[in-house]
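Geometric and topological summary
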Amino acid sequence: MSEDVKDRPSCRYEDTSCSDTDCNPMSLWTKAQQLQGDALQQVRAVYGEHFPIEVRHFLAAWIEEKMWDLDPENPQHEQYVTGLVASLIQELEAKANTMTTEDLFLTKLKLIEAANMFRQRYSHNPLSLFRIIRHCLNTEMKLVQQVENVALGRGGIVGPGLSLLPDSNAEIAQQLEFLRRRTQETGEDLRKMEQEQEAFALQYHECTKLNAHLQHLQTQPQNQQNVELEKKLRRQKEMLEQMLNQKVAGLVQLRLTLADKLKETITHLNTLQSRVLDDELIRWKREQQLQGNGAQFNNNLDNIQEWCESLAEIIWLNRQQIKEAERLKQKIGLEPPGVADILPNLNNQITQLLSSLVTSTFIIEKQPPQVMKTNTRFTSTVRLLVGGKLNVHMTPPQVKVTIISEAQANALLKNDKMAKGEASGEILNNTGTMEYHQATRQLSVSFRNMQLKKIKRAEKKGTESVMDEKFSLLFQSQFSVGGGELVFQVWTLSLPVVVIVHGNQEPHAWATVTWDNAFAEPGRIPFAVPDKVAWIQVADALNMKFKAATGRLLTEENLRFLAEKAFRGGGQQQVGDYSTMMLSWSQFCKEPLPERNFTFWEWFYAVMKLTREHLRGPWIDGAILGFVRKKQAEEMLSTCANGTFLLRFSDSELGGVTIAWVGEQTEVFMLQPFTSKDFAIRSLADRISDLQHLVYLYPDIAKEQAFGKYYTPFTENQPTTNNGYVKPLLVTHVPGWGGPAGSLGGGSYPPTPQNMYQPQSPDPSVTRDTPSVASAVSDSVSSCYQDAGGVGIGGGPMDYTSYSELIGNVDLPPLDEVPIDLNGFSFSDLMQSYKQQ
């Protein structure tokens, strides 16, 4: 493709002197490769079959030069993007052809395969590929920036090659220092002008005295002495008037120069304040919102407060200077013809800057819970970043909290005020006084005991539910600065809140909150969110959420599994096909999954909750595959040794994890799923330890190596509890698959399944994850008592072998079908024998 530089949109990188990754130490990719730990994993996770990481690596400089600042939504860029994708494929093939050495053979095949895939999949939809690449670049940029901010915040040194992104802290500090110096200069100019004005006033006074003297002389007799005196006084008057004219010209010039300087300072202040408020503070708010989805939060609010306080100080000084200049001007009115007085306009501008700064820095430092249950205590903290600098704490302001609906929040933004008494609910303990904390220089108020008592809901439409409805907490206050000279009415809205009245509403409420946190756009109408989002963005949000809850990121295979489930696929499609597909809100959490009575989100949320509460350690270790379909698990295990097992999340039971294992005949069996209730009784690791037929964790890891560190220590001589009772131990056992481990008569069970407990290999045609083998704490096995001196029938020790054979081989009717005949039974004999014991 021929390129015309004039027609190409502006790009961030223009150094095309080398195409190799390592040639450009300033490249984003170089910096991304220096990331460590979770950050590096997140970079790796964003790439996959839809856009292989090898392509990113070997075309790093080309991609960064061509694809940075293009806007795919701009019609003027659309044609360029189309040609760019074609050029990418050509570059990819050219790069592959340069790989002639044997050690690069596999990489060469990978690049050729990627080029063919791009051509086949994206030729008719080049924008999709471009969006994917942009998403990958943005992810890298965000992660690299987080690392830099952390390093700078700790006073650390950023490693080599990590200086591509602008250093916001240093730049803003530099701009503030420039404005301070400029304010000092205008202050000196103002003092000089005042001195010149005072000197002018003295000379002017002298001139008026001379005039009065001359006028007096004209009334006197015209003798020689008076004539000479008059001539002398007139010469002095001419000199004074000449000097006064020079002074006037100098004063006018000083005033015009000072006004221009003040105007320029205000322009700089406006630019810097926009950067601090519209970039840094808005970014902080966005990251605070993403923290609600589990993102790492680089909380630099103290830095932002320092910038805002410096701005407030400089703005206040400049405002005082403008007012002083106006005062001096009133003392001596010098109005040069054709020159407009700009001081009143500058006063308005600087006051507006101060107002904007004060109202924008009234922020919620600690957000209220986004899923809020009625009659449940919650907390929140509000802070005024410029409160200390403007001495607002001298008359501590009161803050009031109310809850308002989405429609009311919308009206508030339009009208900048709320109707009195208008609210959508009643909050207890909803007023507080801001306090100044000397040590931290923070003016804030913490609400520690708020409670939502009532909620007024809007009428529902269609499939809407109460968990779809968003509210917001409105924080309002009023205070004055400058001795009552300026009065500010400030307010701020919390992040969207979903109000529930019962715990079973929590999953859907979190769906609403998660979707809003992830996909809210800057400057939106409250609280509008897109109805459809590209899967790659949804996957990022789910990955972030799962990592925060469980401690480990999802893998590319996990995300492919989730895509298939979300789009109701059967595993035939590739993940690349899903990346550009749009997932609707309805698919996400409204429509039940096929043949299920729960949604995709409900399934994901239950799995995440189970993993967080009971499986965190093994999940972080990688011992739980989890996101594996039943059929796939069977295929994986079919070639493994007898006793190999894996753990997968149940498709049919919410928040269930099942164990799949290989039997002696290479048959694969599935254990009835365990849920949180089961793990509250006995942990996963202990259950795996109990089941002796489980030998190797897939593919060939000894189960003790994988789960041994999570086993509950067991001793033969268990002490009695405080109440004198011996505590029983519950052991998991699958009937017909060997006795439980330890000293519970292991090996006394038949080695192979028998009769009614014969496990069946799952029918692959059945989609529902119906348990094929039941485990037993509550069903097959009750309690095996350790050191309790178990008593069998007839008062002797219980014979576990005969008991297990009895249970395993006898068809017993249900208890409620057995007639109980008590005729001839002597209760008196029973009581007599009882007394004799």
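Residues numbered from 1 in each chain as written. Predicted model: local features only at pLDDT ≥ 70, side-chain atom pairs only at ≥ 80, totals over all residues. Heavy atoms only, no water.

Attention now moves to the sheet that holds strand E6 (residues 431–433). Across the sheet, which stays open at both edges, the 4 strands sit in the order E6-E4-E9-E10 with antiparallel pairing between neighbours. Every interior strand has two partners, whereas the edge strands, E6 and strand E10 (486–493), have only one. Geometrically, the sheet is characterised by an average inter-axis angle of 25 degrees between neighbouring strands, direction not taken into account. The pairing of strand E4 (residues 398–405) with E6 spans 3 bridges and is classified as antiparallel. (Pairing = 2+ DSSP bridges. Helix = DSSP H or I, 4+ residues; strand = E, 2+ residues; numbered from the N terminus. Axes fitted to C-alpha atoms, helices over the stretch in contact; angles between N-to-C directions.)

Another aspect to go through is the packing of helix H13 (residues 506–519) against helix H14 (residues 535–550). Viewed as axis vectors pointing N to C, H13 and H14 meet at an angle of 115 degrees, and their least axial separation amounts to 10 Å. In the crossing of H13 with H14, the sense of the turn from one axis to the other is right-handed. Of the residues in H14, those in contact with Trp510, Thr514, Ala518 and Phe519 of H13 are Gln537, Val538, Ala541 and Lys545. Each residue belonging to the contact of H13 with H14 can be placed in one class, and the counts come to 5 nonpolar, 2 polar and 1 charged. (Left-handed = near helix turned anticlockwise from the far one by under 90°. Contact = heavy atoms within 4.5 Å. Nonpolar A, V, L, I, M, F, W, Y, C, P; charged D, E, K, R; others polar.)

Strand order in the open sheet formed by 5 strands is E16-E15-E14-E17-E18, and the pairing between neighbours is mixed. Each edge of the sheet is formed by a strand with only one pairing partner; in this case those strands are strand E16 (668–670) and strand E18 (701–702). With 3 bridges connecting them, strand E15 (residues 657–662) and E16 associate as antiparallel partners. Counted as the bridge partner of Trp661 is Phe669 from E16. Seen against the sheet, helix H18 (residues 600–621) touches strand E14 (644–649) and E15 and runs at an angle of roughly 125 degrees to E14. Running over the sheet, helix H19 (residues 630–637) touches E14, E15 and E16 and is turned about 165 degrees from E14.

Next up on the list: H13. Between its first and last C-alpha atoms H13 spans 20 Å; for 14 residues at 1.5 Å apiece the expected length is 20 Å, and the two agree. Of all 14 residues in H13, 12 are buried; the element is thus mostly enclosed. Looking only at H13, the buried set comprises Pro507, His508, Ala509, Ala511, Thr512, Val513, Thr514, Trp515, Asp516, Asn517, Ala518 and Phe519. (Expected span 1.5 Å × (residues − 1). Buried < 20%, exposed > 50% of the residue type's maximum accessible area, 1.4 Å probe, protein only.)

Let's shift gears to the packing of helix H9 (residues 224–291) against helix H10 (residues 301–331). Put simply, H9 and H10 touch, their axes get as near as 10 Å, and they point 160 degrees apart. When the axes of H9 and H10 are compared, the pair comes out roughly antiparallel. Once H9 is placed against H10, the crossing between them reads as left-handed. Along the lines of polarity and charge, the residues of the contact of H9 with H10 split into 19 nonpolar, 4 polar and 3 charged. (Parallel < 35°, antiparallel > 145°, perpendicular 65-115°, else oblique.)

Looking now at the nonpolar core. Ranked by size, the top nonpolar core spans 78 residues in total, and within it Val276, Leu473 and Phe475 carry the most contacts. If we ignore the near neighbours within four places in the chain, the residues touching Val276 are Ile172, Leu281, Ile304, Trp307, Cys308 and Leu311. In this structure, Ala518, Leu554, Phe561 and Phe674 belong to the second largest nonpolar core, which totals 59 residues. (Core = buried A, V, L, I, M, F, W, Y, C linked by side-chain atoms within 4.5 Å.)

Attention now moves to a nonpolar patch on the surface. On the surface, Phe105, Leu106 and Leu109 cluster together into a nonpolar patch covering about 330 Å² of accessible area. Along the polypeptide, Phe105 turns up in helix H6 (residues 105–122). Its relative accessible area of 48% is what places Phe105 among the partly exposed residues. (Patch = residues over 30% accessible without salt bridge, like charges linked within 9 Å, V, L, I, M, F, W, Y side chains within 5 Å. Areas by Shrake-Rupley, 256 points an atom, 1.4 Å probe, with all protein chains shown as cover. Salt bridge = Lys/Arg side-chain N within 4 Å of Asp/Glu carboxyl O.)

This next bit is on H6. Here H6 contains 18 residues, and its C-alpha end-to-end distance of 25 Å stays within 8% of the 26 Å for a straight helix at 1.5 Å per residue. For H6, the full list of buried residues reads Thr107, Leu111, Ala114, Ala115, Met117, Phe118 and Tyr122. Looking down the long axis of H6, one finds its buried residues gathered within 165 degrees of arc, a one-sided arrangement. What points out from H6, more than 90 degrees from its buried face, is the exposed set Leu106, Glu113 and Gln120. (Arc of directions from axis to C-beta.)

This part is about the confidence of the model for the protein. Per-residue pLDDT for the protein has a mean of 79; in total, 78% of the residues score no lower than 70. Scored below 50 in pLDDT, residues 1–25 makes 43 contacts in the model with residues more than four places away or belonging to other chains. Segment residues 153–166: pLDDT under 50, and 26 contacts once partners within four positions in sequence are set aside and those in other chains are kept. (pLDDT = per-residue confidence, 0-100.)

Our focus in this paragraph is unusual backbone geometry. Residue Phe527 is reached from Pro526 by a cis peptide bond, and omega for that bond is -20 degrees. Mapped onto the secondary structure, Phe527 falls in the loop between H13 and strand E12 (532–534). Residue Pro699 is reached from Tyr698 by a cis peptide bond, and omega for that bond is 5 degrees. The residue Pro699 is located in the loop between strand E17 (696–697) and E18 in this model. At Arg441, a position not held by glycine, the phi torsion is positive, near 60 degrees. Along the chain, the position of Arg441 falls in the loop between strand E7 (435–437) and strand E8 (442–455). Residues other than glycine seldom take positive phi values, yet Glu595 does so here, at roughly 60 degrees.

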